[in-house]
Amino acid sequence: MAANGAFGRVLVGVKRVIDYAVKVRVKPDKSGVETVNVKHSLNPFCEIAVEEAVRMKEAGLATEVVAVCVGPKKAQENIRSALAMGADRGIHIETDEEVAPLNVARILAEVAKAEEPSMFILGKQAIDDDSNQTGQLLGGFLGWPQGTMASKIEPVSDTAVHVTREIDGGLETLELSLPAVVTADLRLNKPRFAALPNIMKAKRKKIDAKTPADFGVDMASSLQTLEVNEPPVREAGIMVGSVDELVEKLKGDGLI
Amino acid sequence: MFRAASAAVRATTTATMAVAPAVTARVSSASKTSATTTTTAKATAAASATSAMGGNRLVAGGSLLGSGNYANGGNVPFAVHMRSSANGNASFGGMTGQKRFATGWATTALSPTSPFSATVGLDDEQLMFYETAAAFAAENIAPHASKWDAESIFPKDVVHELGNLGFGAMYTSEEHGGSGASRLDAALVFEALSMGCPATSAYLSIHNMCTWMVDSFGSDELRAEFVPRMATMEALGSYCLTEPGSGSDAAALRTTAVVSSTDEDVYVLNGEKAFISGAGETDVYLIMARTGSESGAKGVSCFLVDAESDGLSFGGKLDKMGWNASPTRPVIMQDVKVHKSRMLGAPGEGFKIAMKGLDGGRINIGACSIGAAAASVGIAREYVLERTAFGKPLARFQNTEFVFADMAAKLRTSRLAIRDAAKLLHERSPLATSSAALAKLTATEQCFDVINSALQTLGGAGYVADYQIERYLRDARVHSILEGSSEIMRLVTARAIFADQ
């Protein structure tokens, strides 16, 4: 088992995304989705990551939880949410440019080198782009072991953790030596509601303001979005009378 | 900080498993709406579904595909609907009326561009209070509120959880465990929680009022003994002023507190209180009783009475139109002995203390009306966008547009009045009492009208429990009656208008 405070500082990556419940609309010019005057929230998987880090602190394993966010000015309110959940301080890398995994991972790698955490926990993916890349890229840039899609993180010693991952075949457990990158999946934990007193304390916690230039990163994306469209309207299905008819139809459509 | 995404995905997962017996879709070919579920309807729906299918047909894929859907052929099986909503898209076809329209109130209230917005104008911290409470309501209150109402269940476990989150003593000082937040912060919380269940939120507001009274007027020893437990909601409070013989004429109360003949440090209470929320299931009773020989307000003192006190008993639980999630009973005192250290403030100050408590209580009840109305308009808005008549969605008719515009005007006005009154109370403005009164008058009556309008826009569905609005209406009806009836609010406001003459 790990000694008290063995994990020291834990960094958590958080992202500001369109709230899941919003009916997303594609912009008329098809360049993207409408984000102006649309409700945004902390990415749900990032919340799970924050919760895990805060639990580590409460268990005495970590001594400090730092929430790191690359995003627009308004993302500050989302960092405050992380602080209200129990993170100790925040780092806000402010940019109005498109926030894409490659550049975010570059920035977070620099932050990690400066902050020297034992672990960098991120949500497995953001619900706006569903990339599922940032954690993996970060691990690559840092040369750290990574345990992605984690449904469980267990300390094994002062310098290693067991990460249980949910994969297609079932559950896989990896032993990672620290420092490591972990990305949080849905079943890792159930994030807490921020208690009122903690919400009030959050405004007194420090958020460092930075820019991508401070880390020598240019946010220009190497990917160009050509077009964004709404998904095709669902068509009614066809009722079939028997399994044989189903098989015939599937064969006829060239599906089997 | 709206946590609903993970809730939505979790909800999807569990709902898929629960769907087999529970879901029916009474869908006509014209519209895709009104997939509803009730536990009592299970049996009848299954029966009607199988009969519509001409007997006991075994559906391909087994029971996971809701059998009711096949009753209207051509409709996509339920399980596929669930998968389409799992990707976060707001296409909830097939989900129960309750779950689906529950999202309606959440998105409407949180949308920055809607005139129904609850959050525009709030600073980051206030926004967090509101969103945390709204998320809690969506996850822990809304799914159960109908059941609590139908079965008159007092949700003590949820109430305790609210206590753990610091919602039990929001505007009570931090010294003994209160949160030290502002009146406005508290009003935002009550508003948000009321979107889930106005009755539960209203009880929470009563408890907050009691805790504040103890903290503000109790002796240091009394505060140290009770406020910590009340702040966490480990000990629940009830406010006892009204009697069978005196409601609006509160100063005419007849419960007596006479110094004991055997011990001059003890008062003996005799009398009866009526319509007490929480009575019989709470722990701490703040009882206004007559200690002095003077009639009227001057002779009244306020006592903190333990639920376990000898001689304290409760009448039968009242069967009410609404507020069924909080039990309402008479409180009967027969020679209840209370030590003088349990008096809040000095003898004769009780009425003033009671009224100070109610200033905040009025704002909170108004906030509960706002939450109920906010939920109702959210549900109604989703409904009229989907329901078609005479060839188009109801929302495209000018009448519907006008009805919604009127609702928005009333709701926003109520919100502003209540939030303004909360600020004035917090600042201890000389306008605080009359502002709270006119804000309660406005919000409770206007919001009741809003809920009633919203109900009408649903047509027949508005009368059906599954669509929730009728529950909000029944709950909201009492808000213009208790904690100061609308009539008394007019008296209080008029008194301030004509004060010097």
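Residues numbered from 1 in each chain as written. Chains lettered and ligands numbered in written order. Predicted model: local features only at pLDDT ≥ 70, side-chain atom pairs only at ≥ 80, totals over all residues. Heavy atoms only, no water.

### Overview of the overall build of chain A
Then step 1. Scanning chain A from N- to C-terminus turns up six helices and 11 strands.
Then step 2. Seen along its three principal axes, the alpha-carbon backbone of chain A occupies a region of about 65 × 45 × 40 Å.
Then step 3. Sorting the 256 residues of chain A into buried and exposed places 50% on the buried side.
Then step 4. Within chain A, contacts between residues separated by at least 24 positions form 71% of all contacts whose residues are at least 6 apart in sequence.
Then step 5. As presented, chain A carries roughly 12500 Å² of accessible surface, and 50% of it is formed by carbon and sulfur atoms.
Then step 6. Averaging the positions of the 31 positive and the 37 negative side-chain charges in chain A gives two centres separated by 7 Å. (Helix = DSSP H or I, 4+ residues; strand = E, 2+ residues; numbered from the N terminus. Buried < 20%, exposed > 50% of the residue type's maximum accessible area, 1.4 Å probe, protein only. Contact = heavy atoms within 4.5 Å. Areas by Shrake-Rupley, 256 points an atom, 1.4 Å probe, with all protein chains shown as cover. Lys, Arg positive; Asp, Glu negative; His and termini not counted. Charge placed at Lys NZ, Arg CZ, Asp CG, Glu CD.)

### A word on the overall build of chain B
Then step 1. Scanning chain B for helices and strands turns up 14 helices and 12 strands.
Then step 2. With 501 residues in all, chain B has 58% of them scored as buried.
Then step 3. Within chain B, residue pairs in contact and separated by at least 24 positions form 71% of the contacts whose partners lie at least 6 positions apart.
Then step 4. Per element, the accessible surface of chain B, about 19800 Å² overall, is 54% carbon and sulfur.

### Side note on the environment of B:Glu308
All names here are of chain B.
Then step 1. On the secondary structure map, Glu308 appears in the loop between β7 (300–306) and β8 (312–314).
Then step 2. For Glu308, a relative accessible area of 69% gives the class exposed.
Then step 3. Sequence spacing of Glu308 and Val284 is 24 residues, and the spatial spacing of their C-alpha atoms is 9.1 Å.

### Some thoughts on the side chain of B:Ser205
Then step 1. Summarising the element assignment, B:Ser205 is placed in helix α8 (residues 198–217).
Then step 2. If we skip the residues at most four places from it in the chain, B:Ser205 touches B:Tyr171, B:Phe190, B:Asn364 and B:Ile365.

### Observations concerning helix α3 (residues 101–115) of chain A
Then step 1. Spanning 15 residues, α3(A) covers 20 Å between terminal C-alpha atoms, matching the ideal 21 Å at 1.5 Å per step.
Then step 2. Of the residues one or two after α3(A), A:Glu116 is the one with positive phi, at around 55°. (Expected span 1.5 Å × (residues − 1).)

### Regarding the UniProt feature "domain: Acyl-CoA dehydrogenase/oxidase N-terminal" (unreviewed entry) in chain B
Then step 1. Under the feature "domain: Acyl-CoA dehydrogenase/oxidase N-terminal" (unreviewed entry), the UniProt entry names residues 124–234 of chain B.
Then step 2. The span residues 124–234 of chain B is 73% helical and 0% strand by assignment, and the distance between its end C-alpha atoms comes to 30 Å. (UniProt positions renumbered as here; feature names shortened; annotations may be inferred.)

### Looking at the nonpolar core
Then step 1. Counting 164 residues, the largest nonpolar core has B:Tyr130 and B:Tyr239 as the members making the most contacts within it.
Then step 2. In contact with B:Tyr130, not counting residues within four places along its chain, are B:Ala109, B:Leu110, B:Ala118, B:Thr119, B:Leu122, B:Leu188, B:Glu191, B:Ala192, B:Met195 and B:Arg415.
Then step 3. Of all hydrophobic cores here, the second largest spans 23 residues; its members include A:Val70, A:Val104, A:Ala105 and A:Val217. (Core = buried A, V, L, I, M, F, W, Y, C linked by side-chain atoms within 4.5 Å.)

### Remarks on helix α11 (residues 398–426) of chain B
Then step 1. Taking 1.5 Å per residue as the helical rise, α11(B) with its 29 residues ought to reach 42 Å, and the 42 Å between its terminal C-alpha atoms agrees with that figure.
Then step 2. Downstream of α11(B) by a residue or two, B:Arg428 has a phi angle that is positive, lying close to 55°.

### What about the UniProt feature "domain: Electron transfer flavoprotein alpha/beta-subunit N-terminal" (unreviewed entry) in chain A?
Then step 1. This chain's UniProt record puts "domain: Electron transfer flavoprotein alpha/beta-subunit N-terminal" (unreviewed entry) on residues 30–219 of chain A.
Then step 2. Secondary structure content for residues 30–219 of chain A is 30% helix and 32% strand, while the C-alpha to C-alpha distance between its ends is 22 Å.

### A short note on the UniProt feature "domain: Acyl-CoA oxidase/dehydrogenase middle" (unreviewed entry) in chain B
Then step 1. Per the UniProt record, the feature "domain: Acyl-CoA oxidase/dehydrogenase middle" (unreviewed entry) sits at residues 239–336 of chain B.
Then step 2. With 0% helix and 45% strand, the stretch residues 239–336 of chain B has end C-alpha atoms that lie 17 Å from each other.

### Description of the domain arrangement of chain B
Residue and element names in this part refer to chain B.
Then step 1. Partitioning chain B into structural domains gives domain 1 (2–231), domain 2 (237–348) and domain 3 (361–497).
Then step 2. Buried area between domain 1 and domain 2, both sides added, is near 1900 Å², and the carbon and sulfur share of it is 69%.
Then step 3. Seen at the junction of domain 1 and domain 2, the total is one salt bridge.
Then step 4. When the shortest N-O distance is used, the salt bridge between Arg342 and Glu225 registers 3.3 Å.
Then step 5. Taken together, domain 1 and domain 2 are joined by seven residue pairs in polar contact (both at pLDDT 80 or more).
Then step 6. When residues of the side of domain 1 that touches domain 2 are traced back to their parent elements, those giving at least two are α5 (124–151), α8 and α9 (220–231).
Then step 7. In terms of residue count, α8 provides more of the side of domain 1 that touches domain 2 than any other element does, 11 residues in total. (Domains from an automatic or database assignment. Buried area = accessible area lost by both parts, 1.4 Å probe. Salt bridge = Lys/Arg side-chain N within 4 Å of Asp/Glu carboxyl O. Polar contact = N/O pair within 3.5 Å; in protein donor to acceptor, adjacent residues only side chain to side chain.)

### What about the packing of α5(B) against helix α6 (residues 156–164) of chain B?
Angle between the axes and distance between the axes: these two values describe a pair of packed helices.
Residue and element names in this part refer to chain B.
Then step 1. Orientation of α5 relative to α6, taken along the N-to-C sense of each, is 160°, at an axis distance of 11 Å. One finds that α5 runs roughly antiparallel with respect to α6. Judged by the sense of rotation from one axis to the other, the crossing of α5 with α6 is left-handed. Here α5 contributes Phe136, Asn140, Ile141 and Trp148 to the contact with α6, which in turn contributes Val158, Glu161 and Leu162.
Then step 2. Among the residues making up the contact of α5 with α6, the classes are represented as five nonpolar, one polar and one charged. (Axes fitted to C-alpha atoms, helices over the stretch in contact; angles between N-to-C directions. Parallel < 35°, antiparallel > 145°, perpendicular 65-115°, else oblique. Left-handed = near helix turned anticlockwise from the far one by under 90°. Nonpolar A, V, L, I, M, F, W, Y, C, P; charged D, E, K, R; others polar.)

### Structural notes on unusual backbone geometry
Then step 1. Residue A:Pro179 is bonded to the preceding A:Leu178 through a cis peptide linkage, with omega at 5°.
Then step 2. Here the phi dihedral of B:Trp323 falls at roughly 50°; this positive angle occurs in a residue that is not glycine.
Then step 3. Along the polypeptide, B:Trp323 turns up in the loop between β8 and β9 (328–339).
Then step 4. Looking at B:Trp323, the relative accessible area reads 3%, which means it is buried.
Then step 5. Although it is not a glycine, B:Asp335 adopts a positive phi angle of roughly 55°.
Then step 6. Accessibility expressed as a relative area gives 46% for B:Asp335, which makes it partly exposed.

### Regarding the packing of aromatic side chains
Given two aromatic rings, one states the distance between the centres and the angle between the planes to describe the pair.
Residue and element names in this part refer to chain B.
Then step 1. Enumeration according to the criterion identifies eight aromatic pairs over all chains in this entry.
Then step 2. Ring geometry for Tyr383 against Tyr467: centres 6.1 Å apart, planes inclined by 85°, an arrangement best described as edge-to-face. Pair noted here: Tyr383 is in helix α10 (residues 350–386) and Tyr467 is in the loop between α12 (432–457) and α13 (469–477), with a separation of 84 residues, a long-range link. In this structure, Tyr383 and Tyr467 share a single accessibility class: buried.
Then step 3. Through successive ring pairs, a cluster of aromatic residues spans Tyr171, Trp212 and Phe217.
Then step 4. Residue placement shows Lys392 over the ring face of Phe397; its charged tip is 4.7 Å from the ring centre.
Then step 5. The aromatic ring of Tyr472 is capped on one face by Arg471, whose charged end is 4.8 Å from the ring centroid. (Phe/Tyr/Trp six-rings, centres within 6.5 Å; stacked < 30°, edge-to-face > 60°. Lys NZ or Arg CZ within 6 Å of the ring centre and 35° of its normal.)

### What about the state of the cysteines?
A covalent bond between the sulfur atoms of two cysteines is what we call a disulfide.
Then step 1. Under the definition given, this model contains zero disulfides over all chains.
Then step 2. In this structure A:Cys46 is a free cysteine whose sulfur lies 8.2 Å from that of A:Cys69, the closest cysteine sulfur available.
Then step 3. Since its relative accessible area comes to 5%, A:Cys46 is described here as buried.
Then step 4. For B:Cys210, which is in no disulfide, the shortest distance to another cysteine sulfur is to B:Cys240 and amounts to 7.6 Å. (Disulfide = S-S within 2.5 Å.)

### Section: the pattern of salt bridges
Then step 1. Under the definition given, this model contains 33 salt bridges over all chains.
Then step 2. Between A:Lys15 and A:Asp129 there is a salt bridge whose closest N-O contact spans 3.3 Å. Of this pair, A:Lys15 sits in the loop between β1 (8–14) and β2 (16–18) while A:Asp129 sits in the loop between β6 (119–123) and α4 (134–142), and the two are 114 residues apart along the sequence.
Then step 3. A salt bridge links B:Glu470 to B:Arg474, with the nearest nitrogen and oxygen atoms 2.7 Å apart. On the criterion of helical spacing, the pair formed by B:Glu470 and B:Arg474 is a turn pair, its members being four residues apart in helix α13. For the pair shown, B:Glu470 and B:Arg474 are each scored as buried.
Then step 4. Through salt bridges with shared partners, a single ionic network connects A:Arg9, A:Glu64, A:Arg89 and A:Glu115.

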